[in-house]
Amino acid sequence: MNKEKLNGAAKTLLMPIDWGLGFALAHKWSLLTLALLPTCLELVASYAMYHHRLLRQEAMIMFVLTSIANVWLFIASVMLVIESVKGTEISLWRMGLRAFVLLPKVLISYFLTLFFILLGLRAFVVPGLVFIGFLIWAPAFCAGEAYTKRTKKKDQDDVDPEAAAAAASLKPVPFFTDRPVWDLGLVRSWRVAGPTFFSSFQLALLFLASFVVPMALVDLFGDATLGYSAQGAKVILTSFLGAIVKGIWAGTFIMIIPPDARLELGIDSYPDLQKVCAPKSITNLRYEGRLGPQFGVLFVCAVSTWIVVQQTIAQTDMPSNVTTELTKIEADDDELVVTLRMFDPSQEYRWFAPERFRLEFESSESKVPSVPEAPAPSTAEPADPVAALLSSATAPSADSREFLGPSTIVVFDKDGVIMPLDSLSPYDGPIKIILRFEMQRKGDIKRPFSIFYYSFSGPGRALISGELDSTWS
C-alpha cells in the first residue's frame, strides 16, 4: 500500500475529531444502548451510597464496579468503530461479550493512565494536562489488539541471528501486533499523541464537558429537597453524554493513528465517513481546527466547573435547620471534653464531618470575636480534604483568632451505639458527639469558649457557647 497516497487521501477527508463526531452522532443509538449497563450500575451504586451507610471498603467496591463498567464501554466503543469501518455485521450482544474478555488488560491500562494524570494534577496542573494529552489513547491501543493475529515464530535453527537482528532493527515497532502482556499502551499513546497533541487535548476537554455540564445543569435547576432524584439525574445525564463522547474518542483514535497502524487492524485506507455510516444520515460538523466551537466548549466547561465547585463548597456548610445542643462539659487532665447533641431533619448528615469542629476560647480583652483571616493548625488528624486543608493552614498572627481542633472524636447514634467515623450518613435521628480538645495552655481550660463548624466558607456563626464552671445536665 502506498503510504503517501494514504496520507494524501487523509487531507481531503474529515479531520480526525470531526470524523469521530460524525460517527458518534450517526451511531448514537448503538452507543446509548451499550451505555445502559454502566448507567444501571452507576445508578445502583449511587442509590446505595445515598440511602445506606457504607463503610469505606464498601464504597471502594462500588467505585471499582462502576469503573469496570465504564472501561467496558470504552472497549465496546473502539470495537464498534473498527467493525463499522471493516464492514463487519454489527451485533451489540456479541460485541459486549467480547469486550468482557478484553477487560483485564484494558482495565489495568485505564487505572495506570488515570494514576499518572491524577499524579500530575496533584503535583502541578501543567504536568497533569500534559499527561492527559499524551496518555489518553493508551486503553484504545490495548482494545485494538483483539483485531490482530499473532505471527508465527520461525524455528531458531533456520534463522540467521545476524540477519534477524538487522531485519528487526529496520522494521518499525508494531502498534497492535504481537504486543506483550505488560505493554499497556502508554508508550504507544505517547508516540501517536506527540504530533497530534492538540487534537488529543481537545478530546480531553470534551470528556470534561460531558462530566461537568450535566452536573452544573442539575445544580442550577435542582436543590437538596429533590433528594436522590437530583443525584440520579446527574448519573443518567453524565453517563449518556459520556457514551457519545466515548464514541467520538474511539472514532478519532482510528483516524489519528498512522496508516501502518490502521493496516494492522485490517483497514487499508482512510475511510470515508459517508460509506462507513451508510445508510445512516451523517451530520458533518466541523469542530477541529475551528476556534469558535473550541472556545465555546472551553467557556462552557469553565462556567460549569465554577458552578460545580461553588455547589461543592456550599455542601460543606452546616444546613441552617440543624439543631445543636451542648449537653456536658468536663475537664480530664489537660483535655476539655465537650458533649454535643445534634439533629439534622432534612439531609441526614450527608454534609457532616465531625473533624471539622473547632473550639475557640473567648478573648480576655473582648467578648466579641473578630472575623478570622486563617484558622490555627489543629492537633487532630482530619480524615476529609476540607479538614486537611484547614489543618495545613499557616499559623495565624498574634492578633488573629485561635481555633483548636478535636484530638479525639466519638459519635453515638440514638440507641447509644458507637458509629464508625467513615460511615456516619445517611442517618435519620439525633446523634451524640463527644469531642476531646487537648489544651495548649493550661489556663485556657476555664475560659469561656465557643464551638464552630468549619467549612470552605469559613467558621460561620458560633454553634454553641459555654464554660467549664457552668452546670450542665
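Keep in mind the model is a prediction, meaning the values are calculated, not measured. (Residues numbered from 1 in each chain as written. Predicted model: local features only at pLDDT ≥ 70, side-chain atom pairs only at ≥ 80, totals over all residues. Heavy atoms only, no water.)

Asker: Just checking my understanding: could you explain helix α16 (residues 291–314) for this structure?
Answerer: An α-helix turns once every 3.6 residues. As a result, residues three or four positions apart point the same way. For α16, which comprises 24 residues, the first-to-last C-alpha distance of 34 Å matches the rise-based estimate of 34 Å (1.5 Å per residue) to within 8%. Those residues of α16 lying buried are Gln-294, Val-297, Cys-301, Ser-304, Ile-307 and Val-308. (Helix = DSSP H or I, 4+ residues; strand = E, 2+ residues; numbered from the N terminus. Expected span 1.5 Å × (residues − 1). Buried < 20%, exposed > 50% of the residue type's maximum accessible area, 1.4 Å probe, protein only.)

Asker: Is there a simple way to think about the nonpolar core in this case?
Answerer: Most often, soluble globular proteins keep nonpolar side chains buried together rather than apart. Judged by nonpolar contacts, the single largest core of 72 residues is most densely connected at Trp-19, Ile-75, Trp-137, Trp-249 and Ile-257. Sorting elements by how many residues they give to this core places helix α5 (residues 56–86) first, with 12 residues. The contacts of Ile-257, once residues within four sequence positions are left out, are Phe-141, Phe-176, Val-192, Arg-262 and Leu-265. Of all hydrophobic cores here, the second largest spans 33 residues; its members include Val-322, Ile-409, Phe-449 and Ile-464. (Core = buried A, V, L, I, M, F, W, Y, C linked by side-chain atoms within 4.5 Å. Contact = heavy atoms within 4.5 Å.)

Asker: Any chance you could explain a nonpolar patch on the surface here in plain terms?
Answerer: On the surface, a nonpolar cluster with roughly 520 Å² of combined accessible area is contributed by Leu-37, Leu-41, Trp-93, Leu-97 and Phe-100. If you list the elements that add at least two residues to the nonpolar patch, you get α4 (36–51) and α6 (92–101). In terms of residue count, α6 provides more of the nonpolar patch than any other element does, 3 residues in total. With a relative accessible area of 46%, Leu-97 lands in the partly exposed category. (Patch = residues over 30% accessible without salt bridge, like charges linked within 9 Å, V, L, I, M, F, W, Y side chains within 5 Å. Areas by Shrake-Rupley, 256 points an atom, 1.4 Å probe, with all protein chains shown as cover. Salt bridge = Lys/Arg side-chain N within 4 Å of Asp/Glu carboxyl O.)

Asker: What exactly am I supposed to notice about the packing of aromatic side chains here?
Answerer: For any pair of aromatic rings, the description consists of the separation of the ring centres together with the inter-plane angle of the planes. Applying the stated rule across the entire model yields 24 aromatic pairs. Considering the side-chain rings of Phe-74 and Tyr-110, the 6.0 Å spacing of their centres and the 45 degrees angle between planes classify their relative orientation as tilted. Taken together, the residues span a long stretch of sequence, with Phe-74 in helix α5 and Tyr-110 in helix α7 (residues 103–123) at a distance of 36 residues. A relative accessible area of 13% means that Phe-74 is categorised as buried. An angle of 35 degrees between the planes, with centres 6.0 Å apart, marks the rings of Phe-74 and Phe-207 as tilted. Highlighted residues: Phe-74 in helix α5 and Phe-207 in helix α12 (residues 197–221), separated in sequence by 133 residues. (Phe/Tyr/Trp six-rings, centres within 6.5 Å; stacked < 30°, edge-to-face > 60°.)

Asker: Hey, could you run me through the sheet that holds strand β5 (residues 431–438) in this one?
Answerer: Within a sheet, adjacent strands bond to each other through the backbone by hydrogen bonds, running parallel or antiparallel. Pairing is antiparallel in the open sheet, where 4 strands are placed in the order β1-β2-β5-β4. The sheet is open, and its two edges are formed by β1 (323–332) and β4 (408–412), each paired on a single side. When the angles between neighbouring strand axes are averaged without regard to direction, this sheet yields 15 degrees. (Pairing = 2+ DSSP bridges. Axes fitted to C-alpha atoms, helices over the stretch in contact; angles between N-to-C directions.)

Asker: How do you make sense of the pairing of β5 when you look at a structure like this?
Answerer: For a regular strand, side-chain orientation follows a simple rule: the groups alternate between the two sheet faces. Every second residue of β5 is oriented toward a common face, the buried set being Ile-431, Ile-433, Leu-435 and Phe-437 and the non-buried set Lys-432, Ile-434, Arg-436 and Glu-438. Bridge count for strand β2 (residues 335–343) against β5 is 8 bridges, and the pairing is antiparallel. Of the residues in β5, the one forming a bridge with Val-337 is Arg-436. As paired strands, β4 and β5 are joined by 5 bridges and run antiparallel to one another. Bridging across to β5, Val-410 finds its partner in Ile-434.

Asker: Looking at this model, I keep getting lost on helix α13 (residues 228–256). Mind explaining?
Answerer: With 29 residues, α13 extends 41 Å between its outermost C-alpha atoms, agreeing within 8% with the 42 Å of an ideal straight helix rising 1.5 Å per residue. For α13, a buried count of 22 out of 29 residues is recorded, marking the element as mostly surrounded by other parts of the structure.

Asker: Any chance you could explain the confidence of the model for the protein here in plain terms?
Answerer: Where the model shows low pLDDT, its predicted coordinates should not be examined in detail. Confidence in the prediction of the protein, expressed as mean pLDDT, is 79, and 80% of residues score 70 or more. pLDDT under 50 marks residues 163–170. Its contacts with residues more than four places away, or in other chains, come to 1 contact. Below a pLDDT of 50 lies the segment residues 365–399, which in the model reaches 58 contacts outside its immediate sequence neighbourhood of four places, other chains included. (pLDDT = per-residue confidence, 0-100.)

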